[in-house]
Amino acid sequence: MIHRYRRTNGFTLVELLVVIAIIGILVGLLLPAVQAAREAARRMSCSNNFKQLGLAIHNYHSSFKQMPKHGSGTYQTTVSAAANASKDAPGSNRSDLSILVGMLPYIEQQGLWDLISNPYDGDGAGPLPAFQPFGPWPNRSLAEHVTNPYEPWMSNIPTFRCPSDPGVGLPSHGRTNYAACLGDSGTLSHIGYISDEGKVYDPGWPAIANTTLRGAFRPRLECRFRDILDGLSNTLAMGEIITDLGDNDIRSRAVDSPHPDMWKANGAVSCKPYIDSERPKFWLNDGTVPFTGDAEQRRGSKWAMARPFYTGFLTVLGPNTEACVQTTQEGEGNTSASSRHQGGCHVLMCDGAVRFVTDSIDAGNSALPQVRVGADFTAPGSPSPFGVWGALGSRAGSETIEEF
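Note that the structure is a prediction, hence the values are computed from the model and not measured.

Reading the values: rules and limits
Numbers given to residues run from 1 along each chain, matching the order in which its sequence is written. The predicted nature of this model means local features are confined to residues of pLDDT at least 70 and side-chain atom pairs, given and counted, to a pLDDT of 80 or more, with totals for whole chains, interfaces and linings taken over all residues. To obtain the side-chain values, all non-hydrogen atoms of the structure were included, while hydrogens and water were left out. Here a patch means residues that are over 30% exposed by relative accessible area and free of salt bridges, tied together within 9 Å if like-charged and within 5 Å if nonpolar (Val, Leu, Ile, Met, Phe, Trp, Tyr). Residue burial considers only the protein chains on display, and all accessible areas are found by Shrake-Rupley using a 1.4 Å probe. The term salt bridge refers to a side-chain nitrogen of Lys or Arg lying within 4 Å of a carboxyl oxygen of Asp or Glu. Any residue under 20% of the maximum accessible area for its type is buried, any over 50% is exposed, and the rest in between are partly exposed; the area is computed with a 1.4 Å probe on protein chains only. When DSSP finds at least two bridges between two strands, those strands are taken to pair. The secondary structure listing takes helices from DSSP runs of H or I that are at least 4 residues long and strands from runs of E that are at least 2 residues long, numbered from the N terminus. Defined by distance alone, a disulfide is two cysteine sulfur atoms within 2.5 Å. A cavity here means a set of 1 Å grid points, computed over protein atoms only, where a 1.4 Å probe fits but cannot escape. A pocket is an open set with protein on both sides within 12 Å along at least 5 of 7 lines, and lining residues have an atom within 4 Å of a point. Grid points are joined across faces, edges and corners, and a volume is the space filled by probe spheres set on the points. Following the grouping adopted for this structure description, the nonpolar residues are Ala, Val, Leu, Ile, Met, Phe, Trp, Tyr, Cys and Pro, the charged ones are Asp, Glu, Lys and Arg, and the polar ones are all others, Gly among them. For our purposes a nonpolar core is just a set of buried Ala, Val, Leu, Ile, Met, Phe, Trp, Tyr and Cys residues, chained together by side-chain atoms within 4.5 Å. Contact between two residues is taken to exist if any of their heavy atoms lie within 4.5 Å; hydrogens are not considered.

1. Thoughts on a nonpolar patch on the surface
Line of reasoning, step 1. The grouping of Val14, Val18, Ile22, Ile25, Leu26 and Leu29 at the surface amounts to a nonpolar patch, some 590 Å² of accessible area in total.
Line of reasoning, step 2. Look at Leu29 and you get exposed, because its relative accessible area is 61%.

This is the structure in structure tokens:
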């Protein structure tokens, strides 16, 4: 009897292991490319958001012959008003609405604009009165929103968010990744010289503000394209900022400067000793850092609030540097542009062009005093002490700016 043996077709164990190893190597090689492609797509989406905001600024200017005011809205009626008068209905926003509020109708957010610009009843049932048009102070707390909610300030708007920024949800209110350029000098960069009651805060402040408010946007004051003497293509309108993740990031959590006047010599670098030398993107976690504000009061956490820490930036320190303020995150401070993109951040020029600025851009000497009238400051009319970055932030410095 003859036995016939038929060979079974298939892979041996060794062959299978070799194939699996090859597939693993290919996946390892391709994964960084896939991640890079995804980040490139997110960067493109972020750039497109900025283009929409640039169009909104220009359309707003065409309608009203001025750019959106950074620090607009309703005023308190009296200096002696109770502390919560601006937070509880009917409230007042203390002229603290950012440029993003005025841009809403021009970015296809007419519905939200209608809610804000009309009386708003938080719970629809009373007995609390409705908020007056343009709402309460945007810096009210979560607890105050629970007591008498004002949902517009809590809304998250896709056009205001960079897809590369993973920050979501509470304790932040409505988040934003885009901020107004306030120039290269920080004195009075929070309110200009106009008080919460709509008056000149101090008779001596206008003369100071005329020398320090050098950006495309001046808090609580009108700004027009004709005021930008350096040219729309040479002046920053807006810049990217990160939102806080609760991780002590130097760019999103404010520290109180120990320097008595941070705008003078060495004031711009006075918070650097608090940076963790082993993790230079984070503050020290040893209990010695003088943080300001609570978990709700972080960078990019309130898109409607027109204060430098929330929706503004200065061109004093280069991109992706530390947030250093004077006493409180609601006041003056060095808060620069920042992003979750590798190596830099997007900026919007006043002519509507979107550029990507690298962290290595010439930012001059951050130890020099900022431009301002008075002793120990850089004299008014001087070129920006902060290099190309500072020159981009000033609207009428007459600096020559080459390609960046």
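2. Notes on the sheet that holds strand E5 (residues 324-325)
Line of reasoning, step 1. Taking strand neighbours across the sheet as the criterion, the 3 strands line up as E3-E5-E6 in an open arrangement whose pairing is mixed. Each end of this open sheet is capped by a strand with a single partner; those strands are strand E3 (255-256) and strand E6 (333-334).
Line of reasoning, step 2. Both E3 and E5 contribute to a ladder of 2 bridges, which runs parallel. Each bridged residue has a counterpart across the sheet, and for Val255 the counterpart in E5 is Cys324.

3. Concerning the environment of Phe377
Line of reasoning, step 1. Position of Phe377 relative to the elements: it lies in the loop between strand E8 (354-358) and helix H7 (387-393).
Line of reasoning, step 2. Here the alpha-carbon distance between Phe377 and Trp263, two residues 114 residues apart in the chain, equals 7.9 Å.

4. With respect to the pairing of strand E2 (residues 236-240)
Line of reasoning, step 1. For E2, the tally of buried residues reaches 5 of 5 residues, placing the bulk of the element in the interior.
Line of reasoning, step 2. Two elements, E2 and strand E7 (residues 344-349), share 3 bridges in a ladder whose sense is antiparallel. Across the sheet, Leu236 pairs through a bridge with Met349, a residue of E7.

5. Regarding the pairing of E7
Line of reasoning, step 1. Where burial is concerned, most of E7 is hidden: 6 out of the 6 residues are buried.
Line of reasoning, step 2. Here E7 hands over to E8 after 4 residues, with Gly352 in that stretch at a positive phi of 95°.

6. Focus: the state of the cysteines
Line of reasoning, step 1. Summed over all chains, the structure comprises 1 disulfide.
Line of reasoning, step 2. Here Cys271 is linked by a disulfide to Cys324, with a sulfur-sulfur distance of 1.9 Å. The sign of the S-S torsion, about 65°, decides the handedness of the disulfide formed by Cys271 and Cys324: right-handed. Here Cys324 lies in strand E5 and Cys271 lies in the loop between E3 and helix H6 (308-311), a separation of 53 residues in the sequence.

7. Some points on the pattern of salt bridges
Line of reasoning, step 1. For the structure shown, the criterion picks out 13 salt bridges.
Line of reasoning, step 2. A salt bridge links Asp196 to Arg94, with the shortest nitrogen-to-oxygen separation between them at 2.9 Å. Of this pair, Asp196 sits in the loop between strand E1 (178-181) and helix H5 (205-212) while Arg94 sits in the loop between helix H1 (13-64) and helix H2 (99-102), and the two are 102 residues apart along the sequence. Take Asp196 and Arg94: they sit in the same class, and that class is buried.
Line of reasoning, step 3. For Asp165, the salt bridge goes to Arg161, with nearest N and O atoms at 3.4 Å. The exposure classification of Asp165 matches that of Arg161, with both residues buried.
Line of reasoning, step 4. Here the residues in one salt-bridge network are Arg94, Asp96, Asp196, Arg220 and Arg307, joined through shared partners.

8. Digging into empty space enclosed by the protein
Line of reasoning, step 1. Per the counting criterion, the structure on display carries 3 cavities of 30 Å³ or more.
Line of reasoning, step 2. Of the pockets and cavities examined, the largest cavity occupies roughly 40 Å³.
Line of reasoning, step 3. If you go around the largest cavity, the residues you meet are Arg251, Arg299, Asn320, Thr321, Glu322, Ala323, Asn334, Thr335, Ser336, Ala337 and Ser338.
Line of reasoning, step 4. For the lining of the largest cavity, the class distribution of residues is 2 nonpolar, 6 polar and 3 charged.

9. Focus: the sheet that holds E7
Line of reasoning, step 1. Spatially, 5 strands are ordered E4-E1-E2-E7-E8 in an open sheet, and the strand pairing comes out mixed. Edge positions in the sheet fall to strand E4 (312-313) and E8, since each has one partner strand and no second.

10. Section: the nonpolar core
Line of reasoning, step 1. Counting 53 residues, the largest nonpolar core has Ile57, Phe217, Met238 and Trp303 as its most contacted members.
Line of reasoning, step 2. Counting residues per element, this core draws most heavily on H1, which supplies 5 residues.
Line of reasoning, step 3. Here Phe217 is in contact with Ile57, Met67, Pro68, His70, Ile99, Ala180, Cys181, Leu182, Cys223 and Ala237, once residues within four sequence places are set aside.

11. So, unusual backbone geometry
The general pattern is negative phi for most residues beyond glycine and trans for most peptide bonds.
Line of reasoning, step 1. Omega for the bond connecting Leu170 with Pro171 falls within 30 degrees of zero, at 10°, which places this linkage in the cis form.
Line of reasoning, step 2. Structurally, Pro171 can be placed in the loop between helix H4 (142-147) and E1.
Line of reasoning, step 3. The phi angle at Asn248 is positive, at roughly 65°, despite the residue not being glycine.
Line of reasoning, step 4. Structurally, Asn248 can be placed in the loop between E2 and E3.
Line of reasoning, step 5. The exposure class of Asn248 is buried, given its relative accessible area of 12%.
Line of reasoning, step 6. The backbone phi angle of Asp376 is positive, close to 70°, even though this residue is not glycine.
Line of reasoning, step 7. Inspection of the secondary structure assignment puts Asp376 in the loop between E8 and H7.
Line of reasoning, step 8. On the basis of relative accessible area, Asp376 is assigned to the exposed category, the value being 57%.

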